[in-house]
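Fold and geometry: a report
One letter stands for each residue in the lines below.
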Amino acid sequence: MKNKETIYDIKNLNLWYGENHALKDINFAVKKNEVTAIIGPSGCGKSTFIKILNRMIELIPSVKIEGEIIYDGKNIFDKTVRVEELRTKVGMIFQKPNPFPKSIFENVVYGPKIHGIKDKRTLMEIAETSLKNAALWDEVKDRLNDNAYALSGGQQQRLCIARGLAIEPDVLLMDEPTSALDPISTLKVEELAQELKKKYTIVIVTHNMQQAARISDKTAFFLSGDLIEFGDTEKIFTNPKDKRTEDYITGRFG
C-alpha cells in the first residue's frame, strides 16, 4: 500500500497563553483522506491544537506560537500565507451547531456568495451537492426556504457541515461536533465523517473514546499539553505503547 500524501506536517509546535505553556513540542503528520482523532482529558490542549490548524487561535490575545505547520508546501505562519485563503481550504465545525438566522438555502450558499458566485442555478447546484454530501438533502429538499433554526440540533449540525463543504475545502476540522447531540444524530455525523473522508481530510477533537475508535484512522493522545502517543487508531486502542495512554483509554483517569 503506497504512503498517503501528508496534508499537515506539524514540527516542534509550541504554544503559550501568556506564561502558560499550553502545547509542548508537538510533532506528527496528518495524512490525506484520513480521519485523525485528537483525544485527551479536558484542558490537555485538544481544542487549542485544532484551532491552530486554520489559525483561528490567533483571535485570542496573548497567544505566542513557535514551530512550523507545513500545509500545501508552506508554513501556515509564514507572512505570505493569507489567513482568509487558509480558512477557505480548512473548514471548521464547532461543538454547538451555529447556523445563521437565515433560510436553510442561504446558510449553505453563504460562502460561495461571498466568493462572488451570483448565478442562481449554480448556487442551487452547490446547495444540493453540499446538502447531499452532508446527508441532509432528503430531509430538507422541500423546505429550503425555512429558517435554519426550525431544524433539530442534529440537522443543524449537518447543515453547518454542508455550509463548510459548500466552499470546497481540503480539510474539515471538527471540534467535538457531536457533544451537544443525541445518540441518533451523533451516529449520523459519525457515518458522515466516514463518507466524507473519501473526498476530504478530517481532524476531529472528541471526548468520546468509542467515537475515536469507531471513526478515526489515526489517533493523537494529548495530556497536559504534551503529545503522549500518536499512531494507528487500532494500535492506540488495543496495544498502546505508553502506560498513560492505556490508563486514559481504560478510564482510569480523565
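Thoughts on the nonpolar core
Core analysis: the biggest nonpolar cluster contains 43 residues, and L131, L159, I161, L172, L196 and I202 have the highest contact counts within it. With sequence-adjacent residues up to four places away left out, L159 is seen in contact with P99, I104, N107, V108, L131, L136, A148 and L151.

A word on the pairing of strand β4 (residues 63–71)
Here strand β1 (residues 6–17) pairs with β4 via 8 bridges, running antiparallel. In the sheet register, Y17 faces β4, and the bridge partner there is V63. As paired strands, β4 and strand β5 (residues 74–75) are joined by 2 bridges and run antiparallel to one another. For I70, the partnering residue across the bridge sits in β5 and is N75. Between β4 and β5, which follow one another and run antiparallel, lie 2 residues, and D72 among them has a positive phi close to 60 degrees.

Quick look at the pattern of salt bridges
The final tally for this structure, using the stated rule, is 23 salt bridges. A salt bridge links E5 to K32; the nearest nitrogen and oxygen atoms lie 3.8 Å apart. Of this pair, E5 sits in the segment before β1 while K32 sits in the loop between β2 (20–31) and β3 (35–39), placing them 27 residues apart in sequence. For K32, a relative accessible area of 33% corresponds to the partly exposed category.

Some remarks on the environment of A134
Within the secondary structure layout, A134 lies in the loop between α5 (120–133) and α6 (137–140). Apart from the residues lying within four places of it in its own chain, the contact partners of A134 are R158, I161, A162, L165 and L192.

Some words on the layout of surface pockets
Of the volumes computed, that of the largest pocket is approximately 630 Å³. Every residue lining the largest pocket is counted, 21 residues in all, and those nearest its centre are R87, T88, G91, M92 and I167. Within the residue set of the lining of the largest pocket, elements represented by two or more residues are α2 (83–89), β6 (90–93), α4 (110–114) and α7 (153–165). The residue inventory of the lining of the largest pocket, partitioned by class, reads 11 nonpolar, 7 polar and 3 charged.

Considerations on the environment of A37
Tracing the backbone shows A37 in strand β3. Residue classification places A37 among the buried positions, given a relative accessible area of 0%. As a C-alpha pair, A37 and D217 span 180 residues in sequence and 7.8 Å in three-dimensional space. Residues contacting A37, with those up to four places away along its chain left out, are I204, A212, S216, K218, T219 and A220.

With respect to the packing of aromatic side chains
Evaluation of the coordinates by the stated rule reveals 6 aromatic pairs. Ring centres of F100 and Y110 lie 4.6 Å apart, and the angle between their planes is 55 degrees; this geometry places the pair in the tilted category. On the criterion of sequence distance, the pair formed by F100 in the loop between β6 and α3 (104–108) and Y110 in helix α4 is long-range, its members being 10 residues apart. Members of the aromatic cluster, connected to one another through ring pairs, are F28, F49, F222 and F230. For the cation-ring pair, K64 lies above W16, with the distance from its terminal atom to the ring centre recorded as 4.4 Å. Cation over ring: R163 sits above F100, and NZ or CZ is 4.0 Å from the ring centre.

So, α7
Counted at 1.5 Å a residue, the expected span for α7 with its 13 residues is 18 Å, and the 18 Å between its end C-alpha atoms agrees. With 12 of 13 residues buried, α7 is to be regarded as a mostly interior element. Residues of α7 that are buried: G154, Q155, Q156, Q157, R158, L159, C160, I161, A162, R163, G164 and L165.

Calculation notes
- Chains are numbered independently. Their residues run from 1 in the order of the written sequence.
- Only residues with pLDDT of 70 or above have their local features reported here, since the model is predicted, and side-chain atom pairs are shown and tallied only from 80 upward, although totals for entire chains, interfaces and linings are computed over all residues.
- The basis for the side-chain values is all heavy atoms of the structure; hydrogens and waters are excluded.
- To define a nonpolar core, start from buried Ala, Val, Leu, Ile, Met, Phe, Trp, Tyr and Cys residues and group those joined through side-chain atoms within 4.5 Å.
- Each residue's exposure class comes from its accessible area (1.4 Å probe, protein chains only) as a fraction of the maximum for that residue type: buried when under 20%, exposed when over 50%, partly exposed otherwise.
- Whether two residues are in contact is decided by their heavy atoms: any pair within 4.5 Å suffices.
- One requirement defines pairing of two strands: DSSP has to find at least two bridges between them.
- Helix and strand definitions follow DSSP, with helices as H or I runs of at least four residues and strands as E runs of at least two, each counted in order from the N terminus.
- Each salt bridge in this description consists of a side-chain nitrogen of Lys or Arg and a carboxyl oxygen of Asp or Glu lying within 4 Å of one another.
- Here a cavity means grid points, on a 1 Å grid over the protein atoms only, where a 1.4 Å probe fits yet cannot get out; a pocket means an open set of points with protein on both sides within 12 Å along at least five of seven lines; lining residues are those with an atom within 4 Å of a point.
- Grid points are joined across faces, edges and corners, and a volume is the space filled by probe spheres set on the points.
- Residues were grouped as follows: Ala, Val, Leu, Ile, Met, Phe, Trp, Tyr, Cys and Pro as nonpolar; Asp, Glu, Lys and Arg as charged; and all remaining residues, including Gly, as polar.
- Each Phe, Tyr or Trp ring (for Trp, its six-membered ring) is paired with any other whose centre lies within 6.5 Å, and the angle between the two planes then decides the class: stacked below 30 degrees, edge-to-face above 60, tilted in between.
- In this analysis the charged atom, NZ for Lys or CZ for Arg, is taken to sit over a ring once it is within 6 Å of the ring centre and within 35 degrees of the ring normal.
- Multiplying one less than the number of residues by 1.5 Å gives the expected span of a helix.

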